[in-house]
Amino acid sequence: MSIFMDDSRRAALAILLLTSIKQKKKRKRSIWSKQWLLHRHKFSHMGLLKELKENNPDDFRNYLRMSDSNFEHLFEAIRPAITKQNTCMRQAISPEQRLIATLRYLATGRTLEDLKFSTGISAQSLGRIIPETCNAIIEAMKAEYLKFPESAEEWKAIAKQFEDYWNFPNCGGAIDGKHVRIQPPANSGSYYYNYKGYFSIVLMAIVNAKYEFIMVDVGKNGRVSDGGAIEQTVFYQKLKNKEVQLPTNNETTEGLNFVFVADEAFALQEHILKPFPVKTLTKQRRIFNYRLSRARRVVENAFGILANRFRVFHTAITLSPAKVDLVVLTCCVLHNFLRRTNGNVYMPNNMVDREDIEYCSLVYGDWRSDPNAMLQLQAGGTRNANVDAKTNRENYVDYFNGQGAVDWQDAMI
């Protein structure tokens, strides 16, 4: 017993000694902040932005990915949430500087250590400011610019756009997902490791006919497939439990099911349409696949535009997963905001796929040639659909080859 007590005392003494040594080795802070950071008004990009705003509006728009009027609108919406009080120790970073630093980070994806030289804000402060500002943007703008439909009338309005723009009736949106590259958190192992050999989280989305996000789910680990990711979303659970207020068949074109369009990675379901496999194709099914693909391209284009305008998607984001979620959601909200308020400038014609009907060819948006574009999710395994889901798809095959046929479809397959 006495030996045990001696060992205990010896261990306790060793711990105290090690703690004392560590405290002695801890470097004392010599200065509160570097002098040039204290004079950010003199050395940062704020002077350049003032010049661009007054004399070079195109360069201003390129710098922050939005016009001066868009910036002012956004700034006024979030100013109260990002304004900090000055103290007797130092002056707070202004809300304008906080927003500009955040927008520049989203536009470029530069590291925080690199961004500090143009913003005049330390990397440690940027690591707090950017997520805080992103959260403020989401909270202030999501109700208007990332609103999920809550009634059959709202779903019918979306479906009308799909029918008017893409000749696809009864469609509530196009579903797809992408990998967002991240630096893995410490001790996370292979949890975020995807099939392409890097670490990522998954961005799942539903997009309307005008390339706008109507549902965004982000944060699932990169190991999951398209189908696996969608099945973990709140939207899917509500759809499965019939809690999404979709129009009934009495309210749809030709009494067909109201549907969402997806690629072959997703499971065929009563309200989710996917293309037929190549080995089972007939002429009628090829026409169905073409018509479905034509409507589904809006989601691929939306992701392409998003990554082209916000280059943070071209980097491995060096924030914690929770902060990465805020960054991704903010980009989606800003995408919708800029698409609606300044669409022709934010999204020129060469940014989206378009069909040249005269030559029966497809001209691809310029983002498709970018090797750093967001990675498509891995296809899941083949799953058998139920009879109702298969019947629903065959009903759409009949419609597109009958009453719903368009003049050019035969030339496009």
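The preceding data block contains the structure.
Residues numbered from 1 in each chain as written. Predicted model: local features only at pLDDT ≥ 70, side-chain atom pairs only at ≥ 80, totals over all residues. Heavy atoms only, no water.

A. Region of interest: the overall build of the protein. Within the protein, the regular secondary structure consists of 16 helices and eight strands. Per-residue burial over the protein gives 49% buried out of 413 residues. About 21200 Å² of surface is accessible on the protein, with carbon and sulfur atoms providing 50% of the total. (Helix = DSSP H or I, 4+ residues; strand = E, 2+ residues; numbered from the N terminus. Buried < 20%, exposed > 50% of the residue type's maximum accessible area, 1.4 Å probe, protein only. Areas by Shrake-Rupley, 256 points an atom, 1.4 Å probe, with all protein chains shown as cover.)

B. Representation of the side chain of T252. Looking at where T252 falls in the secondary structure, it is placed in the loop between α12 (234-240) and β4 (259-261). Residue classification places T252 among the buried positions, given a relative accessible area of 12%. In this structure the side chain of T252 is engaged in a polar contact, spanning 3.1 Å, whose partner is the backbone oxygen of N249. What T252 contacts, discounting residues up to four positions off in sequence, is N170, P247 and F258. (Polar contact = N/O pair within 3.5 Å; in protein donor to acceptor, adjacent residues only side chain to side chain. Contact = heavy atoms within 4.5 Å.)

C. Just the packing of helix α6 (residues 68-82) against helix α9 (residues 123-145), in detail. Where α6 contacts α9, the two axes come as close as 9 Å, and the packing angle between them is 125°. Considered as vectors, α6 and α9 are oriented oblique to each other. The two elements α6 and α9 cross, and the hand of that crossing is right-handed. Taking contact as the criterion, the partners of H73, L74, A77, I78, A81 and I82 in α6 are, on α9, T133, A136, I137, A140, M141 and Y145. Considered class by class, the residues forming the contact of α6 with α9 number 10 nonpolar, two polar and no charged. (Axes fitted to C-alpha atoms, helices over the stretch in contact; angles between N-to-C directions. Parallel < 35°, antiparallel > 145°, perpendicular 65-115°, else oblique. Left-handed = near helix turned anticlockwise from the far one by under 90°. Nonpolar A, V, L, I, M, F, W, Y, C, P; charged D, E, K, R; others polar.)

D. Examining the pattern of salt bridges more closely. A full pass over the atoms with the stated rule returns 19 salt bridges. A salt bridge links E251 to K156; the shortest N-O distance between them is 3.2 Å. Residue E251 is located in the loop between α12 and β4, and its partner K156 is located in helix α10 (residues 152-166); the two are separated by 95 residues in the primary sequence. Overall, the relative accessible area of 37% leaves E251 in the partly exposed class. With relative accessibility at 26%, the residue K156 sits in the partly exposed group. For E394, the salt bridge goes to R285, with nearest N and O atoms at 2.9 Å. With a gap of 109 residues between them, E394 in helix α16 (residues 387-400) and R285 in helix α13 (residues 283-309) connect regions that are remote in the sequence. Note on E394: relative accessible area 29%, which makes it partly exposed. When salt bridges with common partners are traced through the structure, they connect K53, D68 and E72 into a single cluster. (Salt bridge = Lys/Arg side-chain N within 4 Å of Asp/Glu carboxyl O.)

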